[in-house]
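The lines below spell out each chain.
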Amino acid sequence: MQTRMKYRKAARLVKWLLAAGFLMSAGWLPAQDTPKFTKLVWADEFDTDGLPDPAKWVYQTGFVRNHEAQYYTEDRLENARVENGYLTIEGRKEKYLNADYRPGSTDWRFQQDSASYTSACIVTEGKASWTYGRIEVRAKLPRGLGVWPAIWTLGDTISTVGWPECGEIDIMEFVGHDAARVHGNIHYQDPLEKKHTSKAGNLGNVSPSDDFNTYAIEWDERHITFYYNDRQYHSVTLDRAGSGEKNPFRKPHFILLNLALGGAWGGEIDDGIFPQVFLIDYIRVYQ
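Keep in mind the model is a prediction, meaning the values are calculated, not measured.

Our next topic: the overall build of the chain. When its secondary structure is counted, the chain shows four helices and 17 strands. Taking all contacts inside the chain whose residues are at least 6 apart in sequence as the whole, residues at least 24 apart take part in 69%. Carbon and sulfur atoms make up 49% of the accessible area of the chain, which totals about 13400 Å².

This is how it looks when you write it as structure tokens:
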């Protein structure tokens with residue numbers, strides 16, 4: 001099974017590279033069909049069973065953001081594993097102790113001694129980041145009230161300047177209570193008003209939980225353009241976040257893959273849906 005998966009993925013990748021590179025160089029593709037980014041600079045095909053590759057991924061842990069209900073775990077196969085050629089991020093209904101519990105804390109992340117749900121968030125922070133390119137992910141999304149999977153990026157500067165100053169690109173966001181729609185967004189600090197600002201787009205009448213689809217951005221010095229399969233549905237101009245080098249979208253970003261549950265946008269959780277899985281076939285970065 002695993003060998004067949006490797007051959008299938010390799011064949012698909014070679015086919016794309018042939019079309020994008022050799023046909024282009026031979027002059028067989030018209031200029032308007034020429035892919036902008038053709039050099040594969042980083043990828044994970046998720047071909048080796050077990051935990052996600054520690055050379056490429058690290059974990060965010062605990063209660064992290066948006067008052068979400070899940071506790072993100074680390075190095076736990078129940079929540080993040082590679083099997084049958086896919087990365088599986090699994091959201092589970094289960095009690096899990098909060099290692100950061102602080103009695104009397106006023107911070108929501110530390111107030112509960114345990115969580116009622118677990119999941120995983122894996123990131124390339126400290127391992128790999130990029131400025132510009134095409135980031136492409138083929139994935140099948142979970143379903144049901146309360147699920148909130150995402151494929152996204154944050155600026156490397158988050159540890160020094162914080163959010164939203166670091167910039168955020170949501171390559172794909174999905175919430176189970178709006179099951180026929182996918183979203184692509186950017187978040188940043190308005191350079192004049194000095195407050196959080198976003199520019200959101202979405203595509204409706206889709207079925208992202210029924211099968212695998214490809215989610216991608218193409219990001220250059222002027223724009224970030226969002227795709228669902230081969231369909232462009234949203235584009236933003238980088239200068240919205242400033243025209244100079246301080247613009248967070250002209251600096252390196254790292255990638256995050258996670259399955260959140262509930263929280264500020266995920267909303268009410270239906271406990272009858274669990275377990276739910278977010279399946280990722282591959283992630284590729286081209287420049």
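So, next bit.
On to the sheet that holds strand 16 (residues 253–261), then. One open sheet accounts for seven strands, arranged 2-7-16-9-10-11-12; its pairing is antiparallel. Strand pairing shows two members of the sheet lacking a second neighbour, strand 2 (58–60) and strand 12 (196–204), which therefore form its edges. Adjacent strand axes in the sheet meet at a mean angle of 20 degrees when their direction is disregarded. Judged from the three bridges that link them, strand 2 and strand 7 (residues 121–123) form a sheet pairing that is antiparallel. Looking at the pairing, Gln60 lines up with Cys121 of strand 7.

At the junction of Trp163 and Pro164, the peptide bond is cis and its omega measures out at 10 degrees in the coordinates. Among the secondary structure elements, Pro164 is positioned in the loop between helix 3 (158–161) and strand 10 (168–173). At the junction of Phe274 and Pro275, the peptide bond is cis and its omega measures out at -5 degrees in the coordinates. Residue position: Pro275 is located in the loop between helix 4 (263–266) and strand 17 (276–286).

Bridging between strand 14 (residues 223–228) and strand 15 (residues 231–237) involves six bridges; their strand directions are antiparallel. Each bridged residue has a counterpart across the sheet, and for Tyr227 the counterpart in strand 15 is Gln232. The hairpin formed by strand 14 and strand 15 contains two residues between the paired strands, and Asn229 there has a positive phi angle of roughly 55 degrees.

Soluble, globular proteins show a tendency: their nonpolar side chains are buried together. Counting 51 residues, the largest nonpolar core has Ile151, Ile169, Tyr215, Ile224, Phe249, Leu257 and Phe278 as its most contacted members. With near-sequence residues (within four places) excluded, Phe249 lies in contact with Tyr132, Gly167, Glu168, Ile169, Ile186, His187, Tyr188, Trp219, Ile224, Leu238 and Ala241. Judged by nonpolar contacts, the second largest core, of 12 residues, contains Ala150, Cys166, Phe254 and Ala260.

With that out of the way, let us pick up the pattern of salt bridges. Side chains that carry opposite charge are capable of pairing whenever their charged atoms lie near each other. Applying the stated rule across the entire model yields 17 salt bridges. Salt-bridge contacts for Glu136 lead to Arg134; the nearest nitrogen and oxygen are separated by 2.9 Å. When sorted by exposure, Glu136 lands in the same class as Arg134, which is buried. Connected through shared salt-bridge partners, Arg76, Glu78, Arg81, Glu83, Glu90, Arg92 and Glu94 make up one network.

In this structure the tally under the stated criterion is 13 aromatic pairs. Between the aromatic rings of Tyr117 and Phe274, the centroid separation amounts to 5.5 Å while the plane-to-plane angle is 45 degrees, which identifies the pairing as tilted. Here Phe274 lies in the loop between helix 4 and strand 17 and Tyr117 lies in strand 6 (residues 114–119), a separation of 157 residues in the sequence. Side by side, Tyr117 and Phe274 carry an identical accessibility label, which is buried. Taken together, the aromatic side chains of Trp42, Phe46, Trp57 and Trp130 make up a single cluster linked through ring pairs. Here Arg284 stacks its cationic end above the ring of Tyr282, 3.6 Å away from the centre of that ring.

Structurally, Glu68 is set in the loop between strand 2 and strand 3 (70–72). The charged side chain of Glu68 is buried without a salt bridge, its nearest counter-charge being Arg65 at 4.5 Å. Looking at Glu68, its side chain comes within polar contact range of the side chain of Asn66, at 3.0 Å. Looking at Glu68, its side chain comes within polar contact range of the side chain of Gln70, at 2.7 Å. Look past the residues within four positions of Glu68 in its chain and what remains in contact with it is Phe63, Trp108, Trp148, Ala260, Leu261, Gly262 and Gly263.

Calculation criteria
Position labels on residues start from 1 in each chain and follow its written sequence. With pLDDT at 70 or above as the cut-off, local features in this predicted model cover only qualifying residues; side-chain atom pairs require 80 or more to be listed or tallied, and sums for whole chains, interfaces and linings still use all residues. To obtain the side-chain values, all non-hydrogen atoms of the structure were included, while hydrogens and water were left out. Starting at the N terminus, helices and strands are each numbered in turn, a helix being any DSSP run of H or I of at least four residues and a strand any DSSP run of E of at least two. In this analysis, two residues are considered to be in contact whenever any of their non-hydrogen atoms come within 4.5 Å of each other. Computed with a 1.4 Å probe, the accessible areas rest on the Shrake-Rupley method; for each residue, only the protein chains presented here act as cover. At least two bridges found by DSSP between two strands is the condition for calling them paired. Throughout, an axis means a line fitted to C-alpha atoms (over the contacting stretch in the case of helices), and angles, computed between N-to-C directions, take values from 0 to 180 degrees. Side-chain atoms within 4.5 Å are what join buried Ala, Val, Leu, Ile, Met, Phe, Trp, Tyr and Cys residues into a set we call a nonpolar core. Relative accessibility thresholds used throughout: buried, under 20% of the residue-type maximum; exposed, over 50%; partly exposed, between the two (1.4 Å probe, protein chains only). One speaks of a salt bridge when a side-chain nitrogen belonging to Lys or Arg is within 4 Å of a carboxyl oxygen belonging to Asp or Glu. Classification of ring pairs rests on two measures: the distance between centres of Phe, Tyr or Trp rings, Trp counted by its six-membered ring, which must be within 6.5 Å, and the angle between planes, read as stacked under 30 degrees, edge-to-face over 60 and tilted in between. For a ring to carry a charge above it, either NZ of a lysine or CZ of an arginine must fall within 6 Å of the ring centroid while also lying within 35 degrees of the normal to the ring plane. Only four residue types enter the charge count: Lys and Arg as positive, Asp and Glu as negative, with His and the chain ends excluded. In protein, a polar contact means a hydrogen-donor-capable atom and an acceptor-capable atom, both N or O and within 3.5 Å, with residues adjacent in sequence counting only if both atoms are side-chain atoms; elsewhere, any N or O pair within 3.5 Å suffices.

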